[in-house]
Amino acid sequence: MKIGLVPIVAREVDEDTLNAIGEYIEEFYSNFGFGVEIIPKTSVEDLWFAYNSVRDQFLGRFFLMKVAEIRGIKGISVALGITDADLYEEGMNFIFGLANPYLRSAIISLARLRPEFYGEENRDLLKDRAIKEAMHELGHVFGLEHCSNPQCVMHFSNSVIDTDYKGNAYCETCLEKLKRSLRWKDDRD
């Protein structure tokens, strides 16, 4: 089983961030039998119809559909899109990510995770935030809902402050739900 990372590039999705996400996800999800494959980069070129010039953002659901399409073409179990485009959904100013368990696909946007967006410089902070959002959206793909524990990676991030506060791991309750969802068998049983 594979989790495919699908870079969808407007300007740049840097290799260091992509590799950091891939390594973290593989380290965790290998416990459930998943490997990680980085799919070759694709451009936002055929997604310009989803661009809203007034907002200077893209409607995220179309990026999610593109990721699902690539998942199907590549024949991978689950796909996680990673884009530098700024995404939104109706009724929201922006989104860090979006997932659909039925499509076995998710997308995260690095645009508002970048420290530069807030006038800061810190490449490690971008990687940390991106890993948290990747784990969050994959959690949704595997059936997890938002968690009330503010330190759990499944806690809803209303702002980057929430993302910075929460951890990069599932709390014990969410981890148990994930194990049931993935029908994980503990070797000690």
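In what follows, the structure referred to is the one given above.
Residues numbered from 1 in each chain as written. Predicted model: local features only at pLDDT ≥ 70, side-chain atom pairs only at ≥ 80, totals over all residues. Heavy atoms only, no water.

Q: What am I meant to see in the side chain of Glu137 here?
A: Tracing the backbone shows Glu137 in helix 3 (residues 123-141). For the buried residue Glu137, which engages in no salt bridge, the nearest side chain bearing the opposite charge is Lys166, 7.5 Å off. A distance of 3.4 Å separates a polar side-chain atom of Glu137 from the backbone nitrogen of Ala99. Ignoring anything within four residues of it in the chain, the contact list for Glu137 reads Leu80, Gly97, Leu98, Ala99, Ala106, Ile107 and Ile108. (Helix = DSSP H or I, 4+ residues; strand = E, 2+ residues; numbered from the N terminus. Buried < 20%, exposed > 50% of the residue type's maximum accessible area, 1.4 Å probe, protein only. Lys, Arg positive; Asp, Glu negative; His and termini not counted. Salt bridge = Lys/Arg side-chain N within 4 Å of Asp/Glu carboxyl O. Polar contact = N/O pair within 3.5 Å; in protein donor to acceptor, adjacent residues only side chain to side chain. Contact = heavy atoms within 4.5 Å.)

Q: Can you walk me through the packing of aromatic side chains in this structure?
A: Given two aromatic rings, their pairing is described by the distance between the two centres and the angle made by the two planes. For the coordinates displayed, the defined rule picks out 14 aromatic pairs. Aromatic side chains Phe28 and Tyr29 sit 4.8 Å apart centroid to centroid with 85° between the ring planes, which places their arrangement in the edge-to-face category. Tyr29 carries the same exposure label as Phe28, and that label is buried. (Phe/Tyr/Trp six-rings, centres within 6.5 Å; stacked < 30°, edge-to-face > 60°.)

Q: Sorry if this is basic, but what is going on with the pattern of salt bridges here?
A: Close approach of charged atoms allows side chains with opposite charge to pair. Tallied over the entire structure, the rule returns 8 salt bridges. A salt bridge links Arg112 to Asp86, with the shortest nitrogen-to-oxygen separation between them at 2.9 Å. Taken together, the residues span a long stretch of sequence, with Arg112 in the loop between strand 9 (105-109) and helix 3 and Asp86 in the loop between strand 6 (78-83) and strand 7 (87-88) at a distance of 26 residues. The exposure class assigned to Arg112 is buried, which follows from its relative accessible area of 18%.

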